[in-house]
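A structural walkthrough
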Amino acid sequence: MEIYKCVYQRIIEHARREMPLEACGYLGGKGETAVEAYYLTNVDKSGEHFSFDPKEQFDAVLTMRKKQQQAIAVYHSHPETPARPSQEDIRLAFDPGMIYVIVSLAAVDPEVRAFRIVKKEVSEEPLIVVDRSDKESKNPEM
């Protein structure tokens, strides 16, 4: 999956702001490119797991539809653990078409990785950070 550099930076900033809790949200996209981050409230108020606020989740999906985007990824942060799915992340991954992006703040420099989780099997997905202007010049409808 590709992600605009500005979106990549925003999800890291979101993760830092929410410390010590897990930050969470959607990445809205067109095709395989994440073009916007939709911050959602972690109603669990936990540093070890998250749940979306249902009203915010519904509103985010409606906004994406209006912008001709779709939810291509769920992202969340791991404030103190590596950027890999926890057992709970795996257990709660029900959408095989979704990409799961994890922002780890466990080290000095944030680490961001993407995964697919299908039937409890985890595979890492390439996460390519692209400059928006480069992408738009190649694909004018973005």
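Preceding this paragraph is the structure being described.
Anyway, here's the lowdown on the structure attached to this text. As the structure is a prediction and not an experimental result, all values here were calculated from the model. (Residues numbered from 1 in each chain as written. Predicted model: local features only at pLDDT ≥ 70, side-chain atom pairs only at ≥ 80, totals over all residues. Heavy atoms only, no water.)

**Let's talk about the side chain of S46**
In this structure, S46 sits in the loop between β3 (33-40) and α2 (54-66). You can call S46 buried: its relative accessible area is 12%. A polar contact of 3.3 Å, which involves the side chain of S46, links it to the backbone nitrogen of H49. Apart from residues lying up to four places away in sequence, S46 is in contact with L21 and E22. (Helix = DSSP H or I, 4+ residues; strand = E, 2+ residues; numbered from the N terminus. Buried < 20%, exposed > 50% of the residue type's maximum accessible area, 1.4 Å probe, protein only. Polar contact = N/O pair within 3.5 Å; in protein donor to acceptor, adjacent residues only side chain to side chain. Contact = heavy atoms within 4.5 Å.)

**Overview of the pattern of salt bridges**
Taken as a whole and assessed by the stated rule, the structure comprises four salt bridges. Across the pair D59 and K55 runs a salt bridge whose closest N-O atoms are separated by 2.7 Å. Highlighted residues: D59 and K55, both in helix α2, separated by four residues, approximately one helical turn. Residue R113 is joined to E124 by a salt bridge in which the shortest nitrogen-to-oxygen separation is 2.7 Å. Remark: E124 occurs in strand β7 (residues 121-125) and R113 occurs in strand β6 (residues 111-118); sequence separation between them is 11 residues. (Salt bridge = Lys/Arg side-chain N within 4 Å of Asp/Glu carboxyl O.)

**Brief notes about the environment of D109**
Topologically, D109 is positioned in the loop between β5 (99-104) and β6. Between the alpha carbons of D109 and E22 there is a distance of 17 Å; along the sequence they are 87 residues apart.

**Here we look at the pairing of β6**
Looking at chain direction, β5 and β6 are connected through six bridges and run antiparallel. Bridge pairing in β6 places I99 opposite R116. A loop of six residues connects β5 with β6, the two strands running antiparallel in sequence. Taken together, the five bridges between β6 and β7 define a ladder with antiparallel strand orientation. Looking at the pairing, F115 lines up with E124 of β7. Count of turn residues in the β6/β7 antiparallel hairpin: two residues, of which K119 carries a positive phi of about 50°. (Pairing = 2+ DSSP bridges.)

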